[in-house]
Amino acid sequence: MNNLRNRIILIVAVIGVSIYLFYPLEETIKLGLDLKGGIHMVVEVMVDDALQEEVRQVADQVESALREENVIFGDVAFQEGSLDILVSGVEAGQGRLVEAELDRWSPSFSYSVRSSGGVRTYTLTPSGAYKNFTRRQAVSQARTVINRRIDTYGVSEPSVTVYGGGDVKRQIIIELPGVDDEQRVKDLITGTGKLELRLVHPELGGPYGSERDALAAFGDLMPSDYEVLPMREATQEGSRGYMVVRKVSVITGTHLKNARVVTDNFTGEPQVQFSLNADGVALFSRATRENVGGFLAIVLDDKIYSAPSIREEINTETALITGSYTQEEARDLAVTLKSGALPAEIQILETRTIGPSLGRDSIERGIQASLLGLVLVVVVMLVVYRFSGVNAVLCLVINFLILLGVLAYFRAALTLPGIAGMILTIGMAVDANILIFERIKEELRLKKSVRSAVDSGFGRVFLTIIDTNLTSLVAALFLFQFGTGPVKGFAVTLAVGLLANIFTAVFVSRTFFSILLRAREQDALSI
């Protein structure tokens, strides 16, 4: 008695919790890209560019360390093709100091040495493990930055997953349900967001009408520590405009603390205000103090946004990026700056926009297929198994409620393959009941009592039901592990449905029979 009551309480509790989790349905179960419509994008992270940048920074650090140690050497050069770092012109007596510095980079780097004419050249080479680690890290960082940008964009239930084969998965699949502005999404995601403040050349900074004009101003010989960069907006003469700025940045995006859109008090135009951390303020203050009367270019993704003059030392933590922005452009720029810079350039491989009308059509057809399948199953179960078929139908309903509850709890998005998983679950749920019912009928034909036949029926097919569902569950786990997007959605729905199926077929159905047989001893069973 107590055992049966506890079983009933457990079943009612599971039903109640499931309904609580998915109610109201339209708020708890989100629709996936194929049902709601939106943008599907596949991008590839240029991981080799990130690796080159990392090794280049190592070369700079090696050179700085050697100079601090007063080591006599010729040059430290980075080889883009081989990714080697060459430390050349080292005198024999300085070898130990150089090797001590190069040992510091082991095991990520190894080095070799060759001598010629009493001078040594060291070659620092990155290891394969370091290369793969740096590439994987670049993809991971890119995914994090893209996630932050999309979150700020305000997309509901986005999906950003790393995809690809080989040692390093370089591709990222982005799915944005309910978004239709493809160009804006492209600009937001692929914008590198590399912010720098650079000093303009004190005498010949420009602006110039062309890159060629800028180079001619220096007699066709640009100083090695300067370069020509384009301006974002055209000059008053209508040309694009170029300026000559230092290669080394005064401040970079790493010194950025925050960015937000503000409105100019006089023109009413939107501007982007960014604030610096303590290190950034110190660097900003020193640069402006030492270059009063000069110009400081605000450079974003190698384009000069503005180049205000330095009239006095500035030690505040905020600065403005001005320009002809719409409110939307200014907001996206602030989002890009705030979310951080991408570790490497991103290349778009594929973009698909799925219209909401296609999604509505898919929903309608999916619901129609589900209802048709459900009705046919109910009719067949009632016709073939009569009153016992009601037991199977109730188990089917409970199975469906549990499935919705679990999907809502994990905030899983319902996709078209997910609906297919639900329909498949319906079929597998009745399959377990058919096994049980047929076994009970065989026991009844052996002239056993109803109670004994029910006990034998459940007992003898128990392992068969467990085996069948576990086998399918293993397949679902593999689909989830190695699949992407919709395939994962199908795997999740199928796995949850299978677990719910075991619970309803073995536990719930048996409890319903126990309730029936407890009322009075049955001479016959409607089955």
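Every chain is numbered on its own, with residues counted from 1 as its sequence reads. Given that this is a predicted model, residues contribute local features only at a pLDDT of at least 70 and side-chain atom pairs are listed and counted only at 80 or more, while totals for whole chains, interfaces and linings are drawn from all residues. With hydrogens and water stripped out, all remaining heavy atoms of the structure feed into the side-chain values.

## Quick notes on the packing of aromatic side chains
Link 1 in the chain: Only centres within 6.5 Å qualify two rings of Phe, Tyr or Trp (six-membered ring in Trp) as a pair; their planes then separate them into stacked at under 30 degrees, edge-to-face at over 60, and tilted for everything else. A full pass over the atoms with the stated rule returns seven aromatic pairs.
Link 2 in the chain: Ring geometry for F109 against Y130: centres 4.9 Å apart, planes inclined by 50°, an arrangement best described as tilted. Taken together, the positions of F109 in strand 5 (residues 109–116) and Y130 in helix 6 (residues 128–153) put the pair 21 residues apart, joining distant regions of the chain.
Link 3 in the chain: For F109, a relative accessible area of 3% puts it in the buried group.
Link 4 in the chain: Summarising the aromatic geometry, the rings of F503 and F507 are spaced 5.4 Å apart at their centres and angled 20° between planes, so their arrangement reads as stacked. Here F503 pairs with F507, and both are found in helix 14 (residues 485–519), just four residues apart, close to one helical turn. Where helices and strands are cited, they refer to DSSP runs of H or I of at least four residues and of E of at least two residues respectively, numbered from the N terminus. Type-normalised accessible area, obtained with a 1.4 Å probe on protein chains alone, sets the label of each residue: buried when under 20%, exposed when over 50%, and partly exposed for intermediate values.

## Considering empty space enclosed by the protein
Link 1 in the chain: Every definition here rests on a 1 Å grid over the protein atoms only: cavities are sets of points where a 1.4 Å probe fits but cannot get out, pockets are open sets enclosed by protein on both sides within 12 Å along at least five of seven lines, and lining residues have some atom within 4 Å of a point. Grid points are joined across faces, edges and corners, and a volume is the space filled by probe spheres set on the points. Applying the stated criterion to the full structure yields one cavity of 30 Å³ or more.
Link 2 in the chain: Here the largest cavity is characterised by a volume of approximately 40 Å³.
Link 3 in the chain: Contributing to the lining of the largest cavity are M428, D431, A432, L435, I465, T468, N469 and N501.
Link 4 in the chain: Elements that contribute at least two residues to the lining of the largest cavity include exactly helix 12 (416–445) and helix 13 (450–482).

## Here's the deal with the nonpolar core
Link 1 in the chain: Buried Ala, Val, Leu, Ile, Met, Phe, Trp, Tyr and Cys residues form a nonpolar core when they are joined through side-chain atoms within 4.5 Å. M381, I436, F437, I440, V454, F513 and L525 are the most contacted members of the largest nonpolar core, which has 26 residues in total.
Link 2 in the chain: Counting only elements with at least two residues in this core, the list comes to helix 11 (356–409), helix 12, helix 13 and helix 14.
Link 3 in the chain: Apart from residues lying up to four places away in sequence, V454 is in contact with I440, F513, L517 and L525.
Link 4 in the chain: In this structure, I39, V47, V139 and I189 belong to the second largest nonpolar core, which totals 22 residues. Residue contacts are defined here by distance: any two heavy atoms, one from each residue, within 4.5 Å place the two residues in contact.

## Considerations on the packing of helix 4 (residues 47–68) against helix 5 (residues 95–103)
Link 1 in the chain: Where helix 4 meets helix 5, the closest approach of the two axes is 10 Å, and the angle between their N-to-C directions is 140°. As the angle between them shows, helix 4 and helix 5 are arranged oblique. Of the two elements, helix 4 crosses helix 5, and the hand of that crossing is right-handed. Residues V62, A65 and L66 of helix 4 lie in contact with helix 5, whose contacting residues are V98, E101 and L102.
Link 2 in the chain: Taken together, the residues of the contact of helix 4 with helix 5 break down into five nonpolar, no polar and one charged. The convention used is that axes are lines fitted to C-alpha atoms, helices contributing only their stretch in contact, and that angles between N-to-C directions extend from 0 to 180 degrees. For this classification, under 35 degrees means roughly parallel, over 145 means roughly antiparallel, 65 to 115 means roughly perpendicular, and everything else is oblique. We call a crossing left-handed when the near helix sits turned anticlockwise from the far one by less than a right angle, and right-handed when that turn is clockwise. Basically, the charged four are Asp, Glu, Lys and Arg, the nonpolar ten are Ala, Val, Leu, Ile, Met, Phe, Trp, Tyr, Cys and Pro, and anything else, Gly included, counts as polar.

## With respect to the pairing of strand 11 (residues 242–246)
Link 1 in the chain: With four of five residues buried, strand 11 lies mostly within the body of the structure.
Link 2 in the chain: We treat two strands as partners when DSSP finds at least two bridges between them. Sheet analysis places strand 10 (residues 226–230) next to strand 11, joined by five bridges and oriented antiparallel. Residue pairing for strand 11: P230 is matched across the bridge by Y242.

## Section: the packing of helix 12 against helix 13
Link 1 in the chain: Following both chains from N to C, one finds helix 12 and helix 13 inclined at 145°, their axes separated by 8 Å at the closest point. Crossing angle aside, the handedness with which helix 12 passes helix 13 is right-handed. Listed contacts from helix 13 to M428, A432, L435, I436, R439, I440, E443 and L444 of helix 12 are V450, A453, V454, S456, G457, F458, R460, V461, T464, I465, N469 and S472.
Link 2 in the chain: Its residues assigned to classes, the contact of helix 12 with helix 13 comprises 12 nonpolar, five polar and three charged.

## Regarding the confidence of the model for the protein chain
Link 1 in the chain: Of all residues in the protein chain, 90% attain a pLDDT of 70 or more, and the chain-wide mean is 80.
Link 2 in the chain: Put simply, helix 10 (residues 327–338) is where the protein chain has its lowest mean pLDDT, 68, and strand 6 (residues 119–126) is where it has its highest, 91. For every residue, the pLDDT score states the predictor's confidence, bounded by 0 at the bottom and 100 at the top.

## Points about the sheet that holds strand 4 (residues 85–91)
Within a sheet, each strand pairs with its neighbour through backbone hydrogen bonds, oriented either parallel or antiparallel.
Link 1 in the chain: One open sheet holds the four strands; their spatial order is 3-4-6-5, and the pairing between them is antiparallel. Strand pairing shows two members of the sheet lacking a second neighbour, strand 3 (75–78) and strand 5, which therefore form its edges. Between one strand axis and the next, the sheet turns by 20° as a mean value, whatever way the strands run.
Link 2 in the chain: Here strand 5 pairs with strand 6 via eight bridges, running antiparallel. Each bridged residue has a counterpart across the sheet, and for V113 the counterpart in strand 6 is Y122.
Link 3 in the chain: Along the sheet, helix 5 makes contact with strand 4, strand 5 and strand 6, crossing strand 6 at roughly 5°.

## Re the pattern of salt bridges
Link 1 in the chain: Basic side-chain nitrogens of Lys or Arg form a salt bridge, by our definition, when they fall within 4 Å of a carboxyl oxygen of Asp or Glu. In total, this model carries 15 salt bridges according to the counting rule given.
Link 2 in the chain: A salt bridge links R212 to D220; the nearest nitrogen and oxygen atoms lie 2.7 Å apart.
Link 3 in the chain: Among the residues examined, R212 registers a relative accessible area of 49% and is labelled partly exposed.
Link 4 in the chain: Judged by relative accessible area, which is 43%, D220 ranks as partly exposed.
Link 5 in the chain: Residue E438 pairs with K441 through a salt bridge whose shortest N-O separation is 3.8 Å. Taken as a pair, E438 and K441 lie in helix 12 at a separation of three residues, close to a single helical turn.
Link 6 in the chain: A cluster of three or more residues bridged by salt bridges with shared partners is formed by R439, E442, E443, K448 and R460.

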